[in-house]
Every structure is written in C-alpha cells, then in structure tokens.
Amino acid sequence: MFYYLLKYVLLGPLLRLLFRPRIEGLEHVPASGPAIVAGNHLSFSDHFLMPAVLKRRITFLAKAEYFTGPGLKGRLIAAFFRSAGQIPVDRSGKEAGQAAIREGLGVLRKGELLGIYPEGTRSHDGRLYKGKVGVAVMALTAGVPVVPCAMIGTFEAQPPGRVVPRLHPVVIRFGKPLDFSRYAGLEHEKAVLRAVTDEIMYAILSLSEQEYVDQYAAVAKAEEAEKAERARTERRFPRMPLS
C-alpha cells in the first residue's frame, strides 16, 4: 500500500516534476508476468526514478546497509525501504550472494518485476563495470526475460557523496527483452553464466553509451581508495631526498 502511495502521491509526481525524465522503450517492459529489469547504477536517485516511471510495481534487491543505519535517521531510512517493498541483501561473501538469489527468485515466482544492478554497487566515476553473474543465475533458474535499462544523467544529477540532487536532464531507456531460454538447465555452468551476464552488460552498454571497464566496480573502488590513502600518507610524511 505504501509503495503505491509513494509512487502516485508522495514521491513519484515530485520526481517527475523536478527531473522531467525522458522515457524511451517503456513498451519493452512486459505488462504482466515475471521479468528482470537489469540496469546500470550511477546514483542513489536510480532507486526512485525508475520505479516512478514504470507502470508496474518493481522490487529491488537493496544493500543491507540501507536497513541497518544507526540512530533515528537509520531507522527512518530502513522503514522507508521496507515500506517500499525493497529487499535487504548482505553483500559480504558467497553465502550472502546465494541468499540474495533466493530472495530474487521468490519475487519472480510471484510473477513480479525484479530490479537488479548487475554491477553490484554504484559506479564511482560514471563508467560501466563488469557484471556479477547473479543476474544470470536468476534469469536461467526462473526462465524469465531480462529487460536491459540505462539510466542516463543521474550521475550528473546526484554523484556519490551528494545528498541533494541537482537538476539535470535525465533519460531512462529500456531495451528489448533478452531471451535466454536456449540456456535452460545450464544455470550451474560457469561459462554459460559469464556469457549471459556479459550479453546483459553489453545490452546495457549499448543503451547507455558509457565507457566500459572489464573489472568489478567494488575492486576498482578499493584500488582508488588505496591510491588516495597512499597519496595522503605521502603528503603527510614526504620522503626525504637521499644525500
């Protein structure tokens, strides 16, 4: 109930008024039945803008940190995400990934739309990163189509670290559903899962026209953080020249 209150009364109309997103390819999203909408992830705003323009309800697998924040602010954010029907996902370790897949399959078995960001986390620099194979596992296990989606302009509107979005043109572009029925029964084959995931990421890339990086976003973020830390250390403790 609260989901539709947000979508049609409280948040959806405000988002559409402020951002005036241009929607392309909405007809590619199935009007009924289970399907996965797989998109790039550039901004915190993505969680709200895509559901605001879809005609159907969509459930996202949201990171567990949104549900475990401290204090009053943390409790309010957790209550908001739960009321909006989002599912918390612990992203630490292989067992956590299996739990996320089980939750996603539960959504699909109910004949609903499942939203997922195959990169696993927001892009820190606006580029598109290598996809994780969980989306392929769910698509093949449930036997459902995957609709690629590109969010364009949301990184500029609300890059990482920015709390209040700035007004910036936004385009939400949906592609033709991808059918992977030819791989039925092969959801345990690593090579197949990689191939399906890469096909999904290529479809997103074709829609978004981002620069692609063949590396997991989490790894790239960690490397950037390590470089930044080394630079700070060198500024604080510069090396003395050899005499």
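Data block above holds the structure.
Here the residue numbers are simple positions, counted from 1 along each chain's written sequence. Given that the model is predicted, a residue must reach a pLDDT of at least 70 before its local features are reported, and side-chain atom pairs must reach 80 or more before they are shown or counted; all residues, however, enter totals for whole chains, interfaces and linings. The basis for the side-chain values is all heavy atoms of the structure; hydrogens and waters are excluded.

Asker: Would you mind showing me how to read the environment of P160 here?
Answerer: Relative to the helices and strands, P160 resides in the loop between helix 7 (154–157) and strand 8 (171–174). Burial here depends on accessible area, computed with a 1.4 Å probe over protein chains only, as a share of the maximum for the residue type. Under 20% is buried, over 50% is exposed, and the range in between is partly exposed. According to the relative accessible area criterion, P160 is partly exposed, its value standing at 40%. Each C-alpha atom of the pair P160 and F44 lies 7.8 Å from the other, and the pair is 116 residues apart in sequence. Contact definition: two residues touch when any of their heavy atoms are within 4.5 Å. Once you skip the residues sitting within four places of it in the chain, P160 turns out to touch L42, S123, H124 and F155. Every helix listed is a DSSP run of H or I at least four residues long, and every strand listed is a run of E at least two residues long, numbered separately from the N terminus.

Asker: Help me out: how do you make sense of the pairing of strand 5 (residues 113–116) in this one?
Answerer: On a regular strand, one side chain projects to one face of the sheet and the next to the other, so that they alternate. The two faces of strand 5 match: L113 and G115 on one face and L114 and I116 on the other face are all buried. By this definition, two strands are paired if DSSP reports at least two bridges between them. As paired strands, strand 2 (residues 35–39) and strand 5 are joined by 4 bridges and run parallel to one another. Opposite I36, over in strand 5, you have L114 as the bridge partner. One ladder, built from 3 bridges, connects strand 3 (residues 58–63) with strand 5; its direction is parallel. Counterpart to F60 in the pairing with strand 5 is G115.

Asker: I tried to follow the packing of aromatic side chains on my own but got confused; where do I start?
Answerer: How two aromatic rings sit relative to each other is set out by the distance from centre to centre and by the angle between their planes. Centres within 6.5 Å are what make two rings of Phe, Tyr or Trp a pair, Trp counting through its six-membered ring; a difference in plane orientation under 30 degrees is then read as stacked, over 60 as edge-to-face, and the rest as tilted. Applying the stated criterion to the full structure yields 2 aromatic pairs. On the basis of an interplanar angle of 65° and a centroid distance of 5.3 Å, the ring pair of F44 and F48 is categorised as edge-to-face. By relative accessible area, which is 25% here, F44 ends up partly exposed.

Asker: Can you walk me through the pairing of strand 2 in this structure?
Answerer: Across the 5 residues of strand 2, 5 count as buried, placing the element largely inside the fold. Side-chain alternation along strand 2 places A35, V37 and G39 on one buried face and I36 and A38 on a second face that is also buried. Both strand 2 and strand 7 (residues 146–152) contribute to a ladder of 4 bridges, which runs parallel. Residue V37 lies in a different strand from strand 7, and its bridge partner there is V147.

Asker: So what exactly am I meant to see when it comes to the nonpolar core here?
Answerer: When a protein is soluble and globular, its nonpolar side chains tend to lie buried together. I36, M138, V146 and I200 are the most contacted members of the largest nonpolar core, which has 31 residues in total. Of all elements in the fold, only strand 2, strand 4 (87–89), helix 5 (94–109), strand 5, helix 6 (134–142) and helix 8 (190–208) reach the threshold of two or more residues within this core. Looking at which element gives the most residues to this core, the answer is helix 8, with 8 residues. With residues near it in sequence (within four places) discarded, I36 still touches L108, L114, I116, V135, M138, A139, V144, P145, V146 and V147. We define the nonpolar core as a collection of buried residues of types Ala, Val, Leu, Ile, Met, Phe, Trp, Tyr and Cys that are connected through side-chain atoms lying within 4.5 Å of one another.

Asker: Got a minute to help me understand a nonpolar patch on the surface in this structure?
Answerer: A grouping of L14, L18 and L167 is seen on the molecular surface, where their side chains present a nonpolar patch of about 300 Å² in accessible area. Topologically, L14 is positioned in helix 2 (residues 12–19). Judged by relative accessible area, L14 falls into the partly exposed class, the value being 42%. Candidates for patches are residues over 30% relative accessible area with no salt bridge; among them, like charges are joined within 9 Å and nonpolar side chains (Val, Leu, Ile, Met, Phe, Trp, Tyr) within 5 Å. With residues, only the protein chains shown are counted as cover, and all accessible areas are computed by Shrake-Rupley using a 1.4 Å probe. The salt bridge criterion pairs a side-chain nitrogen of Lys or Arg with a carboxyl oxygen of Asp or Glu, the two atoms within 4 Å.

Asker: Looking at this structure, I do not really get the side chain of T197. What am I missing?
Answerer: Mapped onto the elements, T197 comes out in helix 8. Taking the relative accessible area as the measure of exposure, T197 reaches 0% and is therefore buried. Two N or O atoms form a polar contact when they lie within 3.5 Å of each other; inside protein one atom must be a possible hydrogen donor and the other a possible acceptor, and for residues adjacent in sequence the pair counts only when both atoms belong to side chains. In this structure the side chain of T197 is engaged in a polar contact, spanning 2.8 Å, whose partner is the backbone oxygen of L193.

Asker: Just checking my understanding: could you explain the environment of G143 for this structure?
Answerer: For G143, the location among the structural elements is in the loop between helix 6 and strand 7. Put simply, G143 and P34 are 109 residues apart on the chain and 9.1 Å apart in space, counted from C-alpha to C-alpha.

Asker: Looking at this structure, I do not really get the packing of helix 6 against helix 8. What am I missing?
Answerer: Each pair of packed helices can be summarised by the angle the axes make with each other and by the distance between the axes. Whenever a helix is involved, its axis is fitted only over the stretch in contact; in every case the axis is a line through C-alpha atoms, and angles between N-to-C directions fall within 0 to 180 degrees. Relative orientation of the contacting elements helix 6 and helix 8 amounts to 105°, with a least axis distance of 8 Å. Judged on the interaxial angle alone, helix 8 and helix 6 are roughly perpendicular. Here V135, A136, V137 and L140 of helix 6 lie close against helix 8, whose contacting residues are V192, L193, V196, T197 and I200. Residues are sorted three ways: Asp, Glu, Lys and Arg are charged, Ala, Val, Leu, Ile, Met, Phe, Trp, Tyr, Cys and Pro are nonpolar, and all the rest, Gly among them, are polar. Its residues placed into classes, the contact of helix 6 with helix 8 shows 8 nonpolar, 1 polar and no charged. These descriptions rest on fixed angle ranges, namely under 35 degrees for roughly parallel, over 145 for roughly antiparallel, 65 to 115 for roughly perpendicular, and the rest for oblique.

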